[in-house]
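Okay, here's what each chain looks like letter by letter:
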Amino acid sequence: CEDYSIGKRGHDESIQSMKVASVDGAFLSVGEKARIEAYVFKAKDTSSRSNPNEKEYAHFWYAPDAKSKDWSHLRSTSFDPGSGGLMRLNLNFTLQPGDSTQAVRLTYGYAESRYMGPCDRMDKYFDVD
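As the structure is a computational prediction, the values presented were derived from the model and not from experiment.

Draft legend 1. Structural context of the overall build of the protein chain. Secondary structure assignment for the protein chain yields 0 helices and 7 strands. For the protein chain, the N- to C-terminal ordering of α and β elements is β-β-β-β-β-β-β. Within the protein chain, residue pairs in contact and separated by at least 24 positions form 67% of the contacts whose partners lie at least 6 positions apart. For the protein chain, the accessible area works out to roughly 7100 Å², and carbon and sulfur atoms hold 47% of it.

Okay, structure coming up:
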């Protein structure tokens, strides 16, 4: 999947950073818990959109082999519009057996992104990393 960033940073929905680390502080290992920590930017003003009260959605994905792009859905979360600004999202998951290069992915956006897959492209109100 390609990275995608058509929206305006600091204004529209965007993913600012992501980090993966073990929960216990040890090395990442198969069968152990890992934590995804992501920072997303919530839109400041949605009043000009067709449905300004529509929620924003974050979808976490995991692939035990980054080259295969066989993504598993880990969790989805929705957020009410408004307030805007930087928000931290955390998710713990168990590392599965796989290739030496595994991957996580986050899709984050407004309205239609509630149905978003790991590699889908939407309009300017979403981001994929």
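Draft legend 2. Geometry of the nonpolar core. With 17 residues, the main nonpolar core has Val40, Leu89, Phe93, Leu106 and Tyr108 as its most contacted residues. Looking at this core, the elements that each hand over two or more residues are strand S2 (33-42), strand S3 (56-63), strand S5 (85-94) and strand S6 (103-110). Ignoring anything within four residues of it in the chain, the contact list for Phe93 reads Glu32, Lys33, Ala34, Ile36, Tyr62, Leu74 and Val104.

The rules behind these values
Residues numbered from 1 in each chain as written. Predicted model: local features only at pLDDT ≥ 70, side-chain atom pairs only at ≥ 80, totals over all residues. Heavy atoms only, no water. Helix = DSSP H or I, 4+ residues; strand = E, 2+ residues; numbered from the N terminus. Contact = heavy atoms within 4.5 Å. Areas by Shrake-Rupley, 256 points an atom, 1.4 Å probe, with all protein chains shown as cover. Core = buried A, V, L, I, M, F, W, Y, C linked by side-chain atoms within 4.5 Å. Buried < 20%, exposed > 50% of the residue type's maximum accessible area, 1.4 Å probe, protein only.

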